[in-house]
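Residues per chain, in single letters:
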There are 2 protein chains.
Amino acid sequence: MAAAPKNPRPCSIADTLALVGEKYSLLVLREVCLGNGRFDQLVRNTGAPRDILTTRLRRLVDAGILDRRPYSERPPRFEYRPTRAGLELEPVLMTLMAWGDRHLHADDDRPMVIEHACGHELVPQVICPACGDTVRHEDLTAHPQAAGWTVAGPAVA
Amino acid sequence: MAAAPKNPRPCSIADTLALVGEKYSLLVLREVCLGNGRFDQLVRNTGAPRDILTTRLRRLVDAGILDRRPYSERPPRFEYRPTRAGLELEPVLMTLMAWGDRHLHADDDRPMVIEHACGHELVPQVICPACGDTVRHEDLTAHPQAAGWTVAGPAVA
DNA sequence: CCCGGTGAGTTGGAAAATCAAACCCTCTCC
DNA sequence: GGAGAGGGTTTGATTTTCCAACTCACCGGG
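What you see is a predicted model; the values in this text were computed from it and never measured.

Caption draft 1: Main features of the protein's contact with DNA strand C. DNA strand C sits among 23 residues. The nearest are Arg50, Arg68 and Phe78 of chain A together with Lys23 and Arg56 of chain B. Protein-adjacent atoms of DNA strand C, using a 4 Å cutoff, are sugar or phosphate at a proportion of 64%. Between DNA strand C and the protein, one listed contact pairs a base nitrogen with a side-chain N or O atom of Arg50 of chain A at 2.9 Å. Here a phosphate oxygen of DNA strand C sits 3.1 Å away from a polar atom, N or O, in the side chain of Tyr71 of chain A.

What follows is the structure in C-alpha cells.
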C-alpha cells in the first residue's frame with residue numbers, strides 16, 4: 001500500500017511533503033501550534049471534513065509530528081499537540097504566512113500578526129547561520145548528493 | 001470556479017497553500033528554481049502525470065509565481081521560470097528541506113546540499129529581523145486581526 | 001427516566017481529482 | 001520519409017474528497 005516510493009529523485013522537500021503536503025495537514029499543524037488541538041476545533045477551524053481530518057491526524061501522529069493525548073478518562077477524550085518535531089515545522093508555517101502577507105494582502109489587512117518575545121512584530125526571515133546574511137536565490141548553489149539530478153543553474157524571470 | 005473561498009477563517013497560510021499547496025506544485029517550484037523549467041524535465045523530475053502538470057503550471061502562471069516564456073519560435077517551445085514572487089517562495093522550500101534533512105535522513109545521507117555564497121553549507125534558519133534571534137515557538141504570541149479566531153495559547157507535548 | 005447536547009469519531013454514496021497510456025502536431029535531423 | 005524530441009490533450013479507470021447522517025459514550029437538567 002505504501003511500497004512504491006515513486007520518488008523520481010531523492011529529495012528532502014519531497015520527503016517532507018509526503019508527510020505534511022496533503023490537503024489540510026499544515027492547517028491542522030497551524031491550529032495545533034495555536035493550542036486548538038481538539039477534534040471539533042480542528043473541524044471548525046480548518047474546514048476539513050471529519051473523516052479526512054481523522055486520516056490526517058492519524059498520519060501526523062504516526063509520523064511523530066503530533067501527539068494524541070487524553071485530557072479526560074471517562075468519557076475518553078483526546079487532544080492533539082505538536083511534538084518537538086512538529087514544532088520544528090513552524091518555520092514552514094512562518095514562511096508561508098510571510099509570503100501570503102506580502103503577496104496576497106494589503107499591509108493593513110493581514111489576518112494575523114505574530115509578536116516576538118523581543119516586542120516587535122515578527123516578519124520571519126531566512127538566514128544562513130554561518131554568515132548571518134539573508135538568503136537570496138542568487139547566493140545559492142545546489143550540490144546534489146545522489147544520482148539522477150540535473151541542475152541547469154539558476155534562472156530568473 | 002474560484003468564487004467560494006470556503007476559508008473557515010482568514011489566514012495567510014491557508015491563502016498561500018491555496019496557490020501552492022496542491023500535490024506537485026512545490027516540487028514544480030523546486031525544479032524551476034533549479035533551472036529545470038521545461039515540460040519534460042518537470043515530468044521526469046517531479047513524477048507528476050502530464051495532464052496534472054499542465055493544470056499546475058497554468059495555476060502557478062496565473063498566480064504570478066511562474067512565467068511561461070518561449071525559448072524557440074518555430075516550433076513554439078516554452079520554458080517556465082520563477083517570477084520574483086516565485087523566488088520569494090524559496091524560503092518555504094528551504095525550511096521544508098531543512099526539516100526533512102534533520103528528521104528524515106542521516107547526516108551523511110542528505111539528498112542535496114546547498115552552498116551559500118559565504119562558502120558554507122546552508123542550514124536555513126528563521127530569525128526575527130528586529131532582534132536577530134532565532135525564532136522559537138515559546139517566544140511567539142499570536143494576535144488575530146479578524147473575527148473568528150480562538151487562540152488557546154501555545155501547548156507543547 | 002427521558003431529553004437534549006457535546007465530543008470524537010465511522011459509514012455510505014455521489015462528486016471531483018488523479019493516474020497511466022495513448023494520441024496529436026510541429027518541427028529537426030539523418 | 002522515418003525516427004525522434006518537445007509540449008501538450010484525450011480517454012477511461014482508479015482514488016480521494018466531500019458531505020450528511022449515524023453511532024457511541026457521557027453529562028446535566030427536569
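Caption draft 2: Structural view of the relation of the copies chain B and chain A. Mapping chain B onto chain A leaves a residual RMSD of 0.0 Å; the transformation is a rotation of 180° accompanied by 0.0 Å of translation along its axis. Such a combination of turn and shift is consistent with a two-fold rotation axis. Proximity to the rotation axis, assessed at the C-alpha, singles out Val126 of chain B in chain B; its C-alpha lies 2.2 Å from the axis. The overlap is high: 100% of the interface residues of chain B also sit at the interface in chain A, so the same surface is used on both sides.

Caption draft 3: Examining the packing of helix α2 (residues 25–34) of chain A against helix α1 (residues 12–20) of chain B more closely. Two elements in contact, α2 of chain A and α1 of chain B, have axes whose closest approach is 10 Å; the angle formed by their N-to-C orientations is 170°. Taken together, the axes of α2 of chain A and α1 of chain B are roughly antiparallel relative to one another. Judged by residue contacts, Leu26, Leu27 and Arg30 of chain A of α2 of chain A engage Ile13, Ala14 and Leu17 of chain B from α1 of chain B. By residue class, the composition of the contact of α2 of chain A with α1 of chain B is five nonpolar, no polar and one charged.

Caption draft 4: Looking closely at the UniProt feature "domain: HTH hxlR-type" (unreviewed entry) in chain A. If you check UniProt for "domain: HTH hxlR-type" (unreviewed entry), the listed places come out as residues 11–108 of chain A in our numbering. Taken end to end, residues 11–108 of chain A is 60% helix and 13% strand, and its two terminal C-alpha atoms sit 38 Å from one another.

Caption draft 5: Structural detail: the packing of aromatic side chains. Summed over all chains, the structure comprises zero aromatic pairs over all chains. Here Arg38 of chain A stacks its cationic end above the ring of Tyr71 of chain A, 3.7 Å away from the centre of that ring. Its guanidinium or amino end placed over the ring of Phe78 of chain B, Arg68 of chain B lies 3.7 Å from that ring's centre, counting from NZ or CZ.

Caption draft 6: The pairing of strand β2 (residues 77–82) of chain B, seen in detail. Residue and element names in this part refer to chain B. Two elements, strand β1 (residues 66–72) and β2, share six bridges in a ladder whose sense is antiparallel. Directly across from Ser72, in β2, lies its bridge partner Arg77. In sequence, β1 turns back onto β2 through a hairpin of four residues.

Caption draft 7: Structural detail: the interface of chain B and chain A. The interface is formed by 93 residues belonging to chain B together with 93 residues belonging to chain A. Ionic pairing is found between Arg102 of chain A and Glu88 of chain B, a salt bridge with its closest N-O pair at 3.3 Å. In this structure, the connection of chain B to chain A is made through 32 residue pairs in polar contact (both at pLDDT 80 or more). Ranked by residue count, the leading element in the side of chain B that touches chain A is helix α6 (residues 90–104) of chain B, at 14 residues. Tallied by class, residues from the side of chain B that touches chain A come to 53 nonpolar, 23 polar and 17 charged. The sheet contact formed by strand β3 (residues 112–116) of chain A and strand β5 (residues 140–144) of chain B spans five bridges and is antiparallel. Among the inter-strand pairings, Ile114 of chain A is bridged to a residue of β5 of chain B, identified as Ala142 of chain B.

Caption draft 8: Molecular detail of the confidence of the model for chain A. Counting all residues, the mean pLDDT for chain A is 91, and 93% of those residues have values of 70 or more. Scored below 50 in pLDDT, residues 1–5 of chain A makes zero contacts in the model with residues more than four places away or belonging to other chains.

Caption draft 9: Seen up close, the protein's contact with DNA strand D. In the vicinity of DNA strand D lie 22 residues, with Lys23, Asp51 and Arg74 of chain A together with Arg68 and Tyr71 of chain B positioned nearest. A breakdown of the atoms of DNA strand D within 4 Å of the protein gives sugar and phosphate a share of 61%. In the model, a phosphate oxygen of DNA strand D is placed 3.4 Å from a nitrogen or oxygen of the Arg58 of chain B side chain. Within the contact set of DNA strand D, a phosphate oxygen lies 3.2 Å away from a side-chain nitrogen or oxygen of Tyr80 of chain B. At the level of secondary structure, the elements contributing two or more residues to the surface near DNA strand D comprise α4 (50–62) of chain A together with α3 (39–46), α4 (50–62), β1 and β2 of chain B. Top element by residues in the surface near DNA strand D is α4 of chain B. It accounts for four residues.

Scoring rules and cut-offs
- Every chain begins its residue count from 1, and numbering advances along the sequence as written.
- Note on labels: chains are lettered from A, ligands numbered from 1, in written order.
- For a predicted model such as this one, the threshold for reporting local features is a pLDDT of at least 70, and the threshold for listing and counting side-chain atom pairs is 80 or more; totals across whole chains, interfaces and linings nevertheless cover every residue.
- Side-chain numbers here rest on the full set of heavy atoms in the structure, without hydrogens or water.
- Throughout, near means a residue has at least one heavy atom within 4 Å of the molecule or strand.
- Pairing of N or O atoms within 3.5 Å defines a polar contact, subject to two protein rules: one partner must be a possible hydrogen donor and the other a possible acceptor, and residues neighboring in sequence count only if both atoms are side-chain atoms.
- All copies are superposed by least squares; the fitting set is the C-alpha atoms of residues with a pLDDT of at least 70 in both.
- Contact definition: two residues touch when any of their heavy atoms are within 4.5 Å.
- For helices, the fitted line uses only the C-alpha atoms of the stretch in contact; every axis is such a line through C-alpha atoms, and the angle between N-to-C directions lies from 0 to 180 degrees.
- Each helix is a run of DSSP H or I of at least 4 residues and each strand a run of E of at least 2, with the numbering of both proceeding from the N terminus.
- Angle categories are assigned with fixed cut-offs, so that under 35 degrees is roughly parallel, over 145 is roughly antiparallel, 65 to 115 is roughly perpendicular, and the rest are oblique.
- Amino acids are sorted into nonpolar (Ala, Val, Leu, Ile, Met, Phe, Trp, Tyr, Cys and Pro), charged (Asp, Glu, Lys and Arg) and polar (every other residue, Gly among them).
- UniProt positions are given in the numbering used here, feature names are shortened, and annotations may be inferred rather than shown by experiment.
- For Phe, Tyr and Trp, rings pair up if their centres lie within 6.5 Å, where Trp contributes its six-membered ring, and each pair is then called stacked (planes under 30 degrees apart), edge-to-face (over 60) or tilted (otherwise).
- Any Lys NZ or Arg CZ that is within 6 Å of a ring centre and within 35 degrees of that ring's normal is treated as a charge sitting over the ring.
- Between any two strands, pairing holds if DSSP finds at least two bridges.
- By salt bridge we mean one thing: a side-chain nitrogen of Lys or Arg within 4 Å of a carboxyl oxygen of Asp or Glu.
- The predictor attaches a confidence to each residue, and that confidence, scored 0 to 100, is pLDDT.

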